[in-house]
Amino acid sequence: MPDNETDLEARFRARVDAELAELLAMSRSSAGERAPVELDQQSVGRLSRMDAMRVQAMAQAGERRRQARIVGLRAALSRMDEGEFGFCESCGEPIPEGRLEVDPTARLCVACARLGER
Ligand SMILES: [Zn+2]
């Protein structure tokens, strides 16, 4: 933890760290479900091959969402290290804490995020 860490960073770092650790653990534990579906019915057990492929597709979609979130969480941690956490990347204004509470990976203030949606 850097000496110059702000209260804001201290409050959110633990939460971001915890979510990151949880996602990485889920990613590891679900690796088997994402593995290629074996042709050998023995290894699939009761599930039909179609079911196994559906499970695999869902697991892969879940993993893509997890990886995107992991990228966002790591970016938030590096912004904390750089002292840029909590400031809008577009206009430089502080991001309201309520917005960070909802999503600590938010990179834009409310006004700039709205502009981006147009
Ligand atoms: Zn802004």
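Model, not experiment: these values are computed from the prediction. (Residues numbered from 1 in each chain as written. Predicted model: local features only at pLDDT ≥ 70, side-chain atom pairs only at ≥ 80, totals over all residues. Heavy atoms only, no water.)

### Here's the deal with the environment of Phe87
So, point 1. As for its position among the elements, Phe87 is in the loop between helix H4 (49–82) and helix H5 (97–102).
So, point 2. Using a relative accessible area of 41% as the deciding quantity, one classes Phe87 as partly exposed.
So, point 3. Here the alpha-carbon distance between Phe87 and Leu108, two residues 21 residues apart in the chain, equals 7.4 Å.
So, point 4. Setting aside its immediate chain neighbours within four residues, Phe87 contacts Gly92, Glu93, Pro94, Ile95 and Arg107. (Helix = DSSP H or I, 4+ residues; strand = E, 2+ residues; numbered from the N terminus. Buried < 20%, exposed > 50% of the residue type's maximum accessible area, 1.4 Å probe, protein only. Contact = heavy atoms within 4.5 Å.)

### Describing the nonpolar core
Nonpolar side chains in soluble globular proteins tend to be buried together.
So, point 1. Residues Phe12, Met80, Phe85 and Leu100 are the most contacted members of the largest nonpolar core, which totals 17 residues.
So, point 2. Broken down by secondary-structure element, the contributors of at least two residues to this core are helix H1 (7–29) and H4.
So, point 3. Residue contacts for Leu100: discarding those within four places in its chain leaves Leu8, Phe12, Arg15, Phe85, Gly86, Ile95 and Ala106. (Core = buried A, V, L, I, M, F, W, Y, C linked by side-chain atoms within 4.5 Å.)

### Topic: the pattern of salt bridges
So, point 1. Scanning the entire structure with this criterion turns up eleven salt bridges.
So, point 2. One salt bridge connects Arg69 with Glu19, and the closest N-O pair in it is separated by 2.7 Å. Separated by 50 residues along the polypeptide, Arg69 in helix H4 and Glu19 in helix H1 bring together distant segments of the chain.
So, point 3. We classify Arg69 as partly exposed; its relative accessible area is 24%.
So, point 4. The partner of Arg34 in a salt bridge is Glu63, with the nearest N and O atoms 3.1 Å apart. Placement of the pair is Arg34 in helix H2 (residues 31–34) and Glu63 in helix H4, with a sequence separation of 29 residues.
So, point 5. For Glu63, a relative accessible area of 10% corresponds to the buried category.
So, point 6. The network of salt bridges with shared partners includes Arg11, Arg15, Glu97 and Glu101. (Salt bridge = Lys/Arg side-chain N within 4 Å of Asp/Glu carboxyl O.)

### Some remarks on H4
So, point 1. Taking 1.5 Å per residue, 34 residues should reach 50 Å; H4 reaches 49 Å between its end C-alpha atoms and fits that length.
So, point 2. Where H4 terminates, the next one or two residues include Gly83, which has phi positive at roughly 75 degrees. (Expected span 1.5 Å × (residues − 1).)

### A look at the coordination of the zinc ion
So, point 1. Around the zinc ion, the protein contributes the donor atoms Cys88 (SG), Cys91 (SG), Cys109 (SG) and Cys112 (SG), which lie 2.3 Å from the metal centre.
So, point 2. Its four donor atoms give the zinc ion angles of 106 to 116 degrees at the centre, a pattern that matches the tetrahedral case.
So, point 3. Taken in sequence order, the residues that donate to the zinc ion follow the motif C-x2-C-x17-C-x2-C. Placement of Cys88 in the loop between H4 and H5 and of Cys112 in helix H6 (residues 110–117) is noted, with a sequence separation of 24 residues between them.
So, point 4. Accessibility expressed as a relative area gives 12% for Cys112, which makes it buried. (Donors = N, O, S within 2.8 Å, 3.2 Å for Na, K, Ca; no water. Tetrahedral: all angles 85-135°; square planar, octahedral: opposite > 155°, others 65-115°.)

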